[in-house]
Amino acid sequence: MYLLIPSAGIGKRMGGTRNKLLLEVRSQAIIAWTLKAAAAASTIKWIGIISQPCDWPEFKDIIADLNLTKPVEFIAGGDTRQESVYNGLQALPATAEHVLIHDGARCLATPDLLDSCAEAIRQCSGLIAAVPVKDTIKVVDDHGIIQSTPDRRQLWAAQTPQGFNVKLLKECHAQGVRQGWEVTDDAALFEKCGIEVQIVPGEETNLKITTPQDLAIAEFILSNRE
Ligand code: CTP
Ligand code: MG
């Protein structure tokens, strides 16, 4: 299975001055934890790391320390996650039939989750890991007034890995460029094109490291795994 890891963000909500994926949790960079999970997932045979060229020297040092046995390709990121994934898709080897896309910032996803998504994508066109939401979610207007309360039984929190048929995902991205769609995950492009996306059970601990609090939570989760 081919794996693309979008890692080209700036980490604005983290509040730092550089890519948050270089911050450390339990003495290792966030991106190192993500790569270790990818290395341990037996189905993953090729890794494409999508990142800003200014981060490549540090990423390369981190990868060298991990002694990975799988090929790792560097792909230049774009201004948005959507553009970064687009670039990643263009860089996939021609033989790639399916692809998993997994955010560099989701460094707590287990190798088992990557493997189960890799197995499942062979049977469908698109899938995402997701978990049922625990909060009651409100739809709120620009004035802070609640408009509605969607039925929680139909609400799921989207995670990555997300898996796709490569040909279809490339078509959806191209359509997105033509139509000017702006989305925050790849499943949304499938949805807009009317192609089915399957949910597979995600992991409660598979959080996306976004704010400084998330670093502390990740620290806690990883220390409990040892
Ligand atoms: N990402 C990317 N290219 C971008 C923006 C984001 O590859 N131009 C990646 C991030 O590196 C991250 C994933 O997409 O692994 C999810 O994005 P997010 O958590 O929003 O990270 P950032 O965009 O870096 O953070 P922020 O939105 O707070 O700036
Ligand atoms: Mg972002």
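For every chain, the first residue of the written sequence is number 1, and numbering continues from 1 along that sequence. Written order determines the labels here, with chains lettered from A and ligands numbered from 1. In keeping with the predicted nature of the model, local features appear solely for residues at pLDDT of at least 70, side-chain atom pairs appear and are counted solely at 80 or more, and the whole-chain, interface and lining totals rest on all residues. Calculated side-chain values reflect all of the structure's heavy atoms, with hydrogen atoms and water omitted.

K.L.:
Explanation requested: the overall build of the protein in the structure shown.
P.N.:
Put simply, DSSP marks the helices as runs of H or I at least four residues long and the strands as runs of E at least two long, and each gets a number from the N terminus on. For the protein, the count of helices and strands is 7 helices and 11 strands. For 226 residues, the compact-globule formula gives about 17 Å, and the C-alpha radius of gyration of the protein, at 17 Å, lands near that figure. For the protein, the spread of C-alpha atoms along the principal axes amounts to about 50 × 40 × 30 Å. With a 1.4 Å probe rolled over the protein chains alone, any residue whose accessible area is under 20% of its type maximum counts as buried; one over 50% counts as exposed, and the rest are partly exposed. A burial count over the protein gives 47% of its 226 residues as buried. Working rule for contacts: check all heavy atoms of both residues, and any pair within 4.5 Å makes them a contact. Within the protein, residue pairs in contact and separated by at least 24 positions form 73% of the contacts whose partners lie at least 6 positions apart. When the accessible surface of the protein is split by element, carbon and sulfur atoms take 51% of a total near 11,600 Å². Note that the radius of gyration is over C-alpha atoms, with the globule rule given as 2.2 Å times the number of residues to the power 0.38. Per-residue accessibility takes into account occlusion by the displayed protein chains alone, with areas from the Shrake-Rupley method and a 1.4 Å probe.

K.L.:
What's the story with the site of ligand 1 in this structure? I'm lost.
P.N.:
Any residue with a heavy atom positioned within 4 Å of a molecule or strand is treated as near that molecule or strand. Not every one of the 19 residues close to ligand 1 is listed here, only the nearest: Gly11, Lys12, Arg13, Ser84 and Lys208. With respect to ligand 1, the backbone of Ser7 contributes an N or O atom lying 3.3 Å from an oxygen atom. A distance of 3.0 Å is found between a nitrogen atom of ligand 1 and a backbone nitrogen or oxygen belonging to Gly78. Considered on its own, ligand 1 offers 560 Å² of accessible surface; in the complex 89% of this is hidden by protein. Pairs of N or O atoms within 3.5 Å make up the polar contacts considered here, provided that, within protein, one atom can donate a hydrogen while the other can accept it, and that residues adjacent in sequence are counted only when both atoms are side-chain atoms.

K.L.:
Could you clarify how one ought to interpret the nonpolar core in this entry?
P.N.:
Soluble globular proteins tend to pack their nonpolar side chains together in the buried interior. Buried residues of nine kinds, namely Ala, Val, Leu, Ile, Met, Phe, Trp, Tyr and Cys, make up a nonpolar core once their side-chain atoms join them within 4.5 Å. Core analysis: the largest hydrophobic core is formed by 43 residues, its most contacted members being Leu3, Ile31, Leu35, Leu100 and Ile209. Of all the elements in the fold, those that place two or more residues in this core are β1 (2-6), α1 (30-40), β4 (46-51), α2 (56-66), α4 (111-120), β7 (126-132) and α7 (212-225). Here this core takes 7 residues from α1, the largest share from any one element. Residues contacting Leu3, with those up to four places away along its chain left out, are Ala38, Ile44, Trp46, Ile47, Gly48, Leu100, His102 and Leu114. Within the second largest apolar cluster, 23 residues are counted, among which are Leu4, Ala130, Leu169 and Val183.

K.L.:
How should I be thinking about the pattern of salt bridges in this particular structure?
P.N.:
Think of it this way: side chains of opposite charge can pair up when their charged atoms draw near. Salt bridge, as used here, is a side-chain nitrogen of Lys or Arg placed within 4 Å of a carboxyl oxygen of Asp or Glu. Enumeration over the complete set of coordinates arrives at 6 salt bridges. In this structure, Arg81 and Asp103 form a salt bridge, with 2.9 Å as the shortest nitrogen-oxygen distance. Placement of Arg81 in helix α3 (residues 81-91) and of Asp103 in the loop between β6 (98-101) and α4 is noted, with a sequence separation of 22 residues between them. Look at Asp103 and you get buried, because its relative accessible area is 10%. The partner of Lys167 in a salt bridge is Glu171, with the nearest N and O atoms 3.3 Å apart. Of the two residues, Lys167 and Glu171 both sit in helix α5 (residues 166-179), 4 residues apart, roughly one turn of that helix. Relative accessible area serves as the criterion here: at 60%, Lys167 is assigned to the exposed category. Its relative accessible area of 41% is what places Glu171 among the partly exposed residues. Residues participating in the shared-partner salt-bridge network are Arg81, Asp103 and Asp186.

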